[in-house]
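Here is how the chains run, residue by residue.
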Amino acid sequence: MSRPAVVFGGPSDEHDISILTGLQACHALSDVHAFYWGKSGEWFQVSPDAEAIDFAAGPPRKSRAVQLIPSLGQGFVSRRPIQISAVLNCCHGGPGEDGTLQGIFDLAGLRYTGPGQAASALGMDKLAFGSAMAASGLPTLDRSLVIDASGVRFEGPYIVKPRFGGSSIGIEVVEDWASALALVATSPFYGSGGVAEPFLAESRDLQVAVRTWPQVELSAIEAPTRSGSGIYSYSQKYLAWGGDVGSGRELPARISDELRSEIVELARRVTVAAGLRGVCRIDFLERDGELWVNEVNTIPGSMAAYLWIDRPLSRRELFTGMLDEALSGPVRSFSVSGADGTALRNAGTIQSKLS
Ligand SMILES: Nc1ncnc2c1ncn2[C@@H]1O[C@H](COP(=O)(O)OP(=O)(O)O)[C@@H](O)[C@H]1O
Ligand SMILES: [Mg+2]
């Protein structure tokens, strides 16, 4: 029988948080397959009733090794392909969120939650994402690649971020461009490059989740509390709970009606410009009433379940909606031919995955 599959874990810094999100989804839904992606890339089928502690030393006992084969009709394979209606992707960060896994699902002909391959990759690339937002007329801070003197297009102090990073890991504030260059050249977090933007002292984070099914809807807006270092740090995001719930925040954020309407308007435009699908979180920076789009998280911790308070949405409703959305569209098709219009139909399929 064809059932949904929840996938979680993965070779990323957010592996442990992803286990928590995945297990929340397994427990909220009934009758699912559960696939755990180990830190070194192996896949296991595990019990959907497992608890986080069962993963403390790797895959739980009694888990079964499976393969993920990127060929049409294959997908998750034990001795035979396992029948799956759609995949609920709970892998935060790294290849589970950056389009890699999405591409494999496309090749295997599997339907899945969240944005398609291209939009997932865009959401993970701070340089490309910032450029796409700016090109769409959305307010963003200047952002430069930290590679040589050509990046100096605005004044410091700079906040320097790994280009493909997340969870505030490796982020530092530096006074001048020479320090930004030195950081990117020497820090282990910058193997794939870094970007810099003006550091906005005294600004704050404002975050909102969007879901795109059954129609585009926005959650309550939250204002997370920043650390003494002036940025919203990894430990605040995760260590307090391990998944974005217990850390300090103002929810709903106490903001003016005007600011709220502006966030709603901008979030709707970001949703289209970034090709979002499923449940994503859109993060803004705000200072003195001015807003900038900072980033999107296309697979946010706990699917931002804690933000859906006004009308309250249960986890089950949230996750079921994501699966319904994945099931509602065609799988991505790759056959290309010319004159009979197949190529155009394929283009339409890909477009519908992006939007
Ligand atoms: N330009 C900025 N000025 C001031 N603080 C910033 C700026 N950009 C980011 N921050 C702070 O750093 C945190 C992490 O940056 P972010 O761009 O969200 O990276 P990550 O992908 O690692 O979460 C933000 O939540 C915010 O608190
Ligand atoms: Mg962030």
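Keep in mind the model is a prediction, meaning the values are calculated, not measured. (Residues numbered from 1 in each chain as written. Chains lettered and ligands numbered in written order. Predicted model: local features only at pLDDT ≥ 70, side-chain atom pairs only at ≥ 80, totals over all residues.)

**Focus on the overall build of the protein chain**
Scanning the protein chain from N- to C-terminus turns up ten helices and 15 strands. Within the protein chain, buried positions represent 45% of all 355 residues. Pairs at least 24 apart in sequence give 64% of the contacts found in the protein chain among residues at least 6 apart. (Helix = DSSP H or I, 4+ residues; strand = E, 2+ residues; numbered from the N terminus. Buried ≥ 20, exposed ≤ 12 C-beta atoms within 10 Å, placed from the backbone. Contact = placed C-beta atoms within 7 Å.)

**Some points on the environment of glycine 321**
Residue position: glycine 321 is located in helix H9 (residues 315-328). Linking glycine 321 and tryptophan 213, residues 108 residues apart in sequence, is a C-alpha distance of 6.3 Å. Leave out the neighbours within four places in its chain, and glycine 321 touches Arg211, Trp213 and Pro214.

**Here's the deal with the sheet that holds strand S1 (residues 3-9)**
Spatially, the six strands line up as an open sheet ordered S5-S4-S3-S2-S1-S6, and their pairing is mixed. Only two strands of the sheet have a single partner each, and these edge strands are strand S5 (75-77) and strand S6 (84-89). Each strand axis lies, on average, 35 degrees off the axis of its neighbour in the sheet, ignoring direction. Here strand S3 (residues 43-46) pairs with strand S4 (residues 64-69) via three bridges, running antiparallel. Its bridge partner lying in S4, phenylalanine 44 is registered against alanine 65. Across the sheet, helix H1 (residues 15-28) touches S1, strand S2 (33-37) and S6, and the angle it forms with S1 is around 160 degrees. (Pairing = 2+ DSSP bridges. Axes fitted to C-alpha atoms, helices over the stretch in contact; angles between N-to-C directions.)

**Considerations on the pairing of S3**
The two faces of the sheet receive side chains in turn, since in a regular strand these alternate between them. Bridge count between S2 and S3: four bridges; the pairing is antiparallel. The partner of tyrosine 36 across the bridge, within S3, is phenylalanine 44. Between S2 and S3, which pair antiparallel and follow one another directly, the connecting turn spans five residues, one of which, glycine 41, has a positive phi of 100 degrees.

**Considerations on unusual backbone geometry**
At the junction of glycine 156 and proline 157, the peptide bond is cis and its omega measures out at 0 degrees in the coordinates. Along the polypeptide, proline 157 turns up in the loop between strand S7 (144-145) and strand S8 (158-162). For serine 168, which is not a glycine, the phi torsion comes out positive at approximately 65 degrees. A positive phi angle, near 55 degrees, is found at methionine 303, a position not held by glycine.

**Section: the sheet that holds strand S10 (residues 194-198)**
Taken in spatial order, the four strands of this open sheet run S7-S10-S8-S9, and their pairing is antiparallel. Of all strands in the sheet, those with a lone pairing partner are S7 and strand S9 (172-174), marking the two edges. Pairing of S7 with S10, which is carried by two bridges, proceeds in the antiparallel orientation. Paired with serine 144 across the bridge in S10 is alanine 196.

**Concerning the confidence of the model for the protein chain**
For the protein chain, the mean per-residue pLDDT works out to 91, and 88% of the residues sit at or above 70. Low pLDDT (under 50) marks residues 239-245, which in the prediction has 19 contacts with non-local residues, meaning those over four places away or in another chain. Below pLDDT 50 for its whole length, residues 343-355 participates in 19 contacts with residues either more than four positions away or in separate chains. (pLDDT = per-residue confidence, 0-100.)

**Here's the deal with helix H3 (residues 100-108)**
Residues three or four positions apart in an α-helix share a direction because the helix packs 3.6 residues into each turn. Those residues of H3 lying buried are Leu101, Gln102, Phe105, Asp106 and Ala108. The buried side chains of H3 occupy one side of the element, clustering within an arc of 170 degrees when seen end-on. Close packing links the buried residues of H3 with S4, S5, S6, helix H2 (94-97) and helix H4 (117-124). Positive phi shows up at glycine 109, right after H3, with a value of about 75 degrees. (Arc of directions from axis to C-beta.)

**Examining the pairing of S10**
Where burial is concerned, most of S10 is hidden: four out of the five residues are buried. Where S8 meets S10, five bridges bridge the pair, whose relative direction is antiparallel. Within the sheet, the bridge partner assigned to tyrosine 158 lies in S10 and is proline 198.

**Some words on the nonpolar core**
Ranked by internal contacts, the top residues of the largest apolar core, which has 70 residues, are Val6, Val7, Phe35 and Val87. Here this core gathers at least three residues from each of two domains, domain 1 (3-112) and domain 3 (202-327). Sequence-distant contacts of valine 7, that is, excluding residues within four places in its chain, are made with Gly22, Phe35, Trp37, Val87, Asn89, Cys90 and Cys91. Counting residues in each nonpolar core, the second largest holds 13 residues, with Val160, Leu181, Tyr190 and Ala196 among its members. (Core = buried A, V, L, I, M, F, W, Y, C linked by C-beta atoms within 7 Å. Domains from an automatic or database assignment.)

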